[in-house]
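Here are the chains, one letter per residue:
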Amino acid sequence: MTRMTLFDSPLFLGFDQLERTLDRVAKTSNEGYPPYNIEQLSEDRLRISLAVAGFAEEDLSIHREGNQLVVTSRKSEKEDDRIFLHRGIASRQFKKSFLLAEGIDVIGAHMDSGLLHIDLRQPLPEANIQKIEISKPQKTVTQKTVAMDLDSEE
């Protein structure tokens, strides 16, 4: 069975990688933990905020793998003498990935009131206009070579 996509049109040339990226994003978009926000702080600045209540800075790791920003936790489950009658604050380990567009830079990260903030810089797009001249075909001059034998007498 052939799968039909938006990019099956012959007008979309070279979008194979984008289609694979969209498929990967669709598969990982169902991950709901931890909850997060993405804000636009200015024309060229973005911020990802993850709710990481119960995690300390040393429990979290942020790294970039190519165009993926990956946030992971490594919460050590310390068994103590606490007995929970209700445990609604999740503290399980997680791995959250964000796909970054080409050119986005990670500026830094900080914790504030149970939120992990990751600041990004997105370069402003430049107008890219290219004029392509239409050249006239060059006329080709065909030359005919006639071989003549001057030494022969007829």
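Calculation rules
- Residues numbered from 1 in each chain as written.
- Predicted model: local features only at pLDDT ≥ 70, side-chain atom pairs only at ≥ 80, totals over all residues.
- Heavy atoms only, no water.
- Helix = DSSP H or I, 4+ residues; strand = E, 2+ residues; numbered from the N terminus.
- Buried < 20%, exposed > 50% of the residue type's maximum accessible area, 1.4 Å probe, protein only.
- Contact = heavy atoms within 4.5 Å.
- Areas by Shrake-Rupley, 256 points an atom, 1.4 Å probe, with all protein chains shown as cover.
- Pairing = 2+ DSSP bridges.
- Axes fitted to C-alpha atoms, helices over the stretch in contact; angles between N-to-C directions.
- Salt bridge = Lys/Arg side-chain N within 4 Å of Asp/Glu carboxyl O.

When you go through the protein chain residue by residue, the secondary structure sums to 1 helix and 7 strands. Reading the protein chain from its N end, one meets helices and strands in the order α-β-β-β-β-β-β-β. Residue burial in the protein chain is summarised as follows: out of 154 residues, 20% are buried. Partitioning the contacts of the protein chain with sequence separation of at least 6, the portion at a separation of at least 24 is 52%. Total accessible area computed for the protein chain in this model is approximately 13,300 Å², and 51% of it derives from carbon and sulfur atoms.

Our next topic: the sheet that holds strand β1 (residues 36-42). Taken in spatial order, the 4 strands of this open sheet run β1-β2-β7-β6, and their pairing is antiparallel. Every other strand in the sheet has two partners, leaving β1 and β6 (105-112) as the edge strands with one partner each. This sheet shows a mean twist of 20 degrees between the axes of neighbouring strands, independent of strand direction. Taken together, the 7 bridges between β6 and strand β7 (residues 115-121) define a ladder with antiparallel strand orientation. Across the sheet, Asp112 pairs through a bridge with Leu115, a residue of β7.

Applying the stated criterion to the full structure yields 2 salt bridges. Between Arg45 and Asp119 there is a salt bridge, with its nearest N and O atoms 3.9 Å apart. Of this pair, Arg45 sits in strand β2 (residues 45-51) while Asp119 sits in strand β7; the two residues are 74 residues apart in sequence, bridging distant segments of the chain. For Arg47, the salt bridge goes to Asp119, with nearest N and O atoms at 2.6 Å. Note that Arg47 is positioned in strand β2 and Asp119 in strand β7, a separation of 72 residues in sequence. Summarising the burial analysis for this pair, Arg47 and Asp119 share the class buried. Each of Arg45, Arg47 and Asp119 takes part in salt bridges that share partners, so that together they form one network.

Before going further, it helps to examine the side chain of Thr72. Mapped onto the fold, Thr72 is located in strand β4 (residues 68-73). Note on Thr72: relative accessible area 18%, which makes it buried. When neighbours within four sequence positions are excluded, Thr72 is seen to be in contact with Asp59, Leu60, Ser61, Phe94 and Lys95.

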